[in-house]
Number of protein chains: 2
Amino acid sequence: MKLAVLGTGIVGQTLSGKLAELGHEVTLGTRDVGKVFANKATDQYGRAPFSAWHDHHQEIHVATFSDAAASAEIIVNATNGMASMNALEHAGHANMKNKILLDVSNPLDFSHGMPPSLWVSNTNSLGEQIQRAFPDTKVVKSLNTVNAGLMVSPSLVPGDHNLFLSGNDASSKQKVRELLVSFGWKDKNIIDLGDITTARGTEQLLPLWVRLMGTLQHPYFNFHIVVGNPPKG
Amino acid sequence: MKLAVLGTGIVGQTLSGKLAELGHEVTLGTRDVGKVFANKATDQYGRAPFSAWHDHHQEIHVATFSDAAASAEIIVNATNGMASMNALEHAGHANMKNKILLDVSNPLDFSHGMPPSLWVSNTNSLGEQIQRAFPDTKVVKSLNTVNAGLMVSPSLVPGDHNLFLSGNDASSKQKVRELLVSFGWKDKNIIDLGDITTARGTEQLLPLWVRLMGTLQHPYFNFHIVVGNPPKG
């Protein structure tokens, strides 16, 4: 399948690398192709620059947001949640029309320091915001509740643990589910919460996620919904 | 121990019943003692009125918010989250001074229909709001992420699953932890998230909780944080 992954950060790299490994034709979308290759500095976390990563992933095309979206059947939003609306406008309404947009971003605002707040929450969500701005695109929110490494390697956390799906179109959620299963997620552990408004719930999980990462000192954990039985009588 | 449980709804009844069963001296606090006994109607969910429940729990004292708080060493806020600030003002600053307040409430606002929104969230929480209003009280937020029945019967959900603690005072959190262990919670499954600002994370879990209840059709489930290992290299 032809996929576009918007965003060249760690999430975009991880997802595009896995998709290419699975045999898909992947185009990474970015704001300015020249600029992303020109940057030779490590980032604030000491990670190698994009170009060093791409040297080992030359099968992955790199293009503008617009060209990447135009080339693909399914588009993944892996941009920073603060910049997602703008990035998607650059990707373009026509290039996303009638396509699935898998939105893995979170509206985390680090501009006031740690812990981050959410720039949209409670009676709204980034997933809904995107769906409203792109009514002809089939937005499916998922993967936003786990770390990038875990997204494509669920066995980094042992046993059963869950992912969530939010979206208005049942067949688009089914296609995303199949993609997640191809990443190694167990079908039974993917919970369909309902329409795109349920993205409020998973995006608002992030404040707890951030605190748990602080407590555990690493991001390799996940939520498992353990279900019991109503008491008798 | 002498405890006050503020709120005569299902959460207050469940918690006070369990505390009395464990041998504590429990006073239920309410706005108007006469009124709560005078009400003989079943509620919107078909549950029996307070007086019918109290007929089987006569060892539990019933008093005003103020008298209940004055009588107790530990106070539990089990009032409706929309009314908690007002109920605690009635309980009184002097009656809560230097005491532990275990806050199990959530700021759920059902006034705009389903699903509820949160009347305080993101950069604030009800737990913090209470701590700021009552600076001489030791607020510990916990139990707000599970259904009332599960609060006192954790084995209704099988295996391991978690509760969270948020609060500024370590020894108060330790006392609450011991109370939770006496309810049947495993010590290792009680996660101390840090200070009271971490209540933002657990209160914002409620929007997801409400949607999961919709999917599962019952509230007997809980979150288990499954922890893996960071990948090598």
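Quick note: structure is the one above.
### So, the sheet that holds strand β9 (residues 163–167) of chain A
Two modes of strand pairing occur in sheets, parallel and antiparallel, and in both the strands are linked by backbone hydrogen bonds.
Residues and elements named next belong to chain A.
Part 1 of the reasoning: Judged by pairing direction, the sheet is mixed, and its 8 strands sit side by side in the order β3-β2-β1-β4-β5-β8-β9-β10 without closing on themselves. The strands lining the two open edges of the sheet, one partner per strand, are β3 (61–64) and β10 (190–194). Taken over all neighbouring pairs, the strand axes of this sheet differ in orientation by 25° on average, direction set aside.
Part 2 of the reasoning: Helix-sheet contacts for helix α9 (residues 170–183) involve β5 (100–103), β8 (138–141), β9 and β10, and the interaxial angle to β9 is about 155°.

### A short note on the interface of chain B and chain A
Part 1 of the reasoning: Of the residues lining the interface, 39 residues belong to chain B; the matching set on chain A comes to 39 residues.
Part 2 of the reasoning: Partitioning the side of chain B that touches chain A into residue classes produces 19 nonpolar, 18 polar and 2 charged.
Part 3 of the reasoning: Pairing geometry for strand β11 (residues 221–227) of chain A and strand β11 (residues 221–227) of chain B, over 7 bridges, is antiparallel. For N222 of chain A, the partnering residue across the bridge sits in β11 of chain B and is V226 of chain B.

### Description of helix α11 (residues 206–216) of chain B
Part 1 of the reasoning: Buried within α11 of chain B we find L206, P207, L208, W209, R211 and L212 of chain B.
Part 2 of the reasoning: A positive phi of about 70° marks Q217 of chain B, the residue just after α11 of chain B.

### Focus on the nonpolar core
Part 1 of the reasoning: L6, I75 and V76 of chain A together with L6, I75 and V76 of chain B are the most contacted members of the largest nonpolar core, which totals 118 residues.
Part 2 of the reasoning: Non-local contacts of L6 of chain A, meaning those with residues more than four positions away in its chain, are made with G29, F65, A68, I75, V76, N77, A78, T79, A87 and A91 of chain A.

### What about the sheet that holds strand β9 (residues 163–167) of chain B?
All names here are of chain B.
Part 1 of the reasoning: Spatially, β3-β2-β1-β4-β5-β8-β9-β10 is the arrangement adopted by the 8 strands of the open sheet, whose pairing is mixed. The sheet terminates laterally at β3 (61–64) and β10 (190–194), the two strands that pair on one side only. Adjacent strand axes in the sheet meet at a mean angle of 25°, parallel and antiparallel pairs treated alike.
Part 2 of the reasoning: By the bridge criterion, 5 bridges tie strand β1 (residues 2–6) to strand β2 (residues 25–30) in an arrangement that is parallel. Opposite L6, over in β2, you have G29 as the bridge partner.
Part 3 of the reasoning: Those strands touched by helix α7 (residues 126–133) are β5 (100–103), β8 (138–141) and β9, and its axis lies near 175° from that of β8.

### Things to note about the packing of helix α5 (residues 84–91) of chain A against helix α7 (residues 126–133) of chain A
Residues and elements named next belong to chain A.
Part 1 of the reasoning: Two elements in contact, α5 and α7, have axes whose closest approach is 11 Å; the angle formed by their N-to-C orientations is 25°. One finds that α5 runs roughly parallel with respect to α7. Viewed along their axes, α5 and α7 form a crossing whose handedness is right-handed. Here S84, M85 and L88 of α5 lie close against α7, whose contacting residues are L126, Q129, I130 and A133.
Part 2 of the reasoning: For the contact of α5 with α7, the residue count by class is 5 nonpolar, 2 polar and no charged.

### A few points about helix α1 (residues 10–21) of chain A
Residues and elements named next belong to chain A.
Part 1 of the reasoning: Relative to the 16 Å expected for 12 residues at 1.5 Å per residue, α1 spans 16 Å between its end C-alpha atoms, a close match to the ideal helical length.
Part 2 of the reasoning: Residues V11, G12, Q13, T14, L15, S16, K18 and L19 constitute the buried set of α1.
Part 3 of the reasoning: Taken together, the buried residues of α1 touch β1 (2–6), β2 (25–30), α3 (50–55), β4 (74–77), α8 (148–152) and α9.
Part 4 of the reasoning: One or two positions beyond α1, positive phi appears at G23, with a value near 95°.

### Overview of the pairing of β1 of chain B
Residues and elements named next belong to chain B.
Part 1 of the reasoning: For β1, a buried count of 4 out of 5 residues is recorded, marking the element as mostly surrounded by other parts of the structure.
Part 2 of the reasoning: Of the pairings in the sheet, the one linking β1 to strand β4 (residues 74–77) comprises 4 bridges and is parallel in character. Counterpart to L6 in the pairing with β4 is N77.

### Thoughts on the relation of the copies chain B and chain A
Relating one copy of the chain to the other takes a rotation about an axis and a shift parallel to that axis.
Part 1 of the reasoning: The two copies are related by a screw operation: chain B maps onto chain A through 180° of rotation and 0.0 Å of translation along the axis, at an RMSD of 0.0 Å. Seen this way, the second copy is the image of the first under a two-fold rotation axis. Residue H224 of chain B, judged by its C-alpha, is the member of chain B lying nearest the rotation axis, at 2.5 Å.

Calculation rules
Residues numbered from 1 in each chain as written. Chains lettered and ligands numbered in written order. Predicted model: local features only at pLDDT ≥ 70, side-chain atom pairs only at ≥ 80, totals over all residues. Pairing = 2+ DSSP bridges. Helix = DSSP H or I, 4+ residues; strand = E, 2+ residues; numbered from the N terminus. Axes fitted to C-alpha atoms, helices over the stretch in contact; angles between N-to-C directions. Contact = placed C-beta atoms within 7 Å. Nonpolar A, V, L, I, M, F, W, Y, C, P; charged D, E, K, R; others polar. Buried ≥ 20, exposed ≤ 12 C-beta atoms within 10 Å, placed from the backbone. Core = buried A, V, L, I, M, F, W, Y, C linked by C-beta atoms within 7 Å. Parallel < 35°, antiparallel > 145°, perpendicular 65-115°, else oblique. Left-handed = near helix turned anticlockwise from the far one by under 90°. Expected span 1.5 Å × (residues − 1). Least-squares fit on C-alpha atoms with pLDDT ≥ 70 in both.

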